[in-house]
Amino acid sequence: MSKIALAAIADQLPRAWNSTVVGQAAGANLKVLRMDDAAYPDESHDFDEALLVLDGCMRLDLQGQVTEVNAGEVFIVPAGVPHAVAPGSHGTLVIIDR
């Protein structure tokens, strides 16, 4: 058992929007990444995905409607729902998925 400094790991990643798995719990991956104001293209998954903003703000684009997810907030994207990240997103993001 050990603690994980999520923001420090995100800061050390070589590129923004490149997640790294930092652990697993209850069958889910725990990933962290750094957002850098750039957009991230549409994607969808065959599983629910939790997007937890540690610091900053993620501008989540769900089929053309942008929702701001701020520090300390989580958004759970249901399986099969296309989603993207709009420009202006910045900070540290934790992703919980399969």
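Right above here is the structure, for reference.
A quick note: this is a predicted structure, and the numbers were derived from the prediction, not measured.

> Please clarify how the pattern of salt bridges should be interpreted in this entry.
For side chains of opposite charge, pairing can occur when their charged atoms come near one another. In the structure shown here, the tally under the stated rule is three salt bridges. Residues Asp97 and Lys31 are paired through a salt bridge, measuring 3.0 Å at the closest nitrogen-oxygen approach. Taken as a pair, Asp97 in strand S8 (residues 90-97) and Lys31 in strand S2 (residues 28-36) lie far apart in primary sequence, 66 residues in all. Each member of the pair, Asp97 as well as Lys31, is classed as buried. Note that Asp46 is salt-bridged to Arg98, the shortest N-O span being 3.9 Å. Here Arg98 lies in the segment after S8 and Asp46 lies in the loop between strand S3 (40-43) and strand S4 (49-62), a separation of 52 residues in the sequence. Comparing Asp46 with Arg98 shows no difference in burial state: the two are exposed.

> How should I be thinking about the packing of aromatic side chains in this particular structure?
Each pair of aromatic rings is reported with the distance of its centres and the angle of its planes. Per the stated rule, a full pass over the model turns up one aromatic pair. Relative to Tyr40, the ring of Trp17 has its centre 5.5 Å away and its plane inclined at 35°; by these criteria the two rings are tilted. Here Trp17 is found in the loop between helix H1 (6-12) and strand S1 (20-25), whereas its partner Tyr40 is found in strand S3, with 23 residues between them in sequence. Residue class for Tyr40 comes out partly exposed when judged on its relative accessible area of 30%.

> Would you mind going over the environment of Ile96 with me for this structure?
One can find Ile96 in strand S8. Relative accessible area serves as the criterion here: at 35%, Ile96 is assigned to the partly exposed category. With 68 residues separating them along the chain, Ile96 and Ala28 place their C-alpha atoms 6.3 Å apart. When residues no more than four places from it in sequence are discounted, the contact partners of Ile96 are Ala28, Asn29, Leu30, Asp48, Glu49 and Ala50.

> When you look at the nonpolar core in this model, what are you seeing that I'm missing?
One recurring pattern in soluble globular proteins is that nonpolar side chains are buried together. Judged by nonpolar contacts, the single largest core of 14 residues is most densely connected at Trp17, Leu33, Met35, Leu51, Met58, Leu60 and Leu93. Mapped by element, the contributors of at least two residues to this core are S2, S4 and S8. Leu6, Ala10, Val22 and Val94 belong to the second largest nonpolar core, which has five residues in total.

The rules behind these values
- Residues numbered from 1 in each chain as written.
- Predicted model: local features only at pLDDT ≥ 70, side-chain atom pairs only at ≥ 80, totals over all residues.
- Heavy atoms only, no water.
- Salt bridge = Lys/Arg side-chain N within 4 Å of Asp/Glu carboxyl O.
- Helix = DSSP H or I, 4+ residues; strand = E, 2+ residues; numbered from the N terminus.
- Buried < 20%, exposed > 50% of the residue type's maximum accessible area, 1.4 Å probe, protein only.
- Phe/Tyr/Trp six-rings, centres within 6.5 Å; stacked < 30°, edge-to-face > 60°.
- Contact = heavy atoms within 4.5 Å.
- Core = buried A, V, L, I, M, F, W, Y, C linked by side-chain atoms within 4.5 Å.

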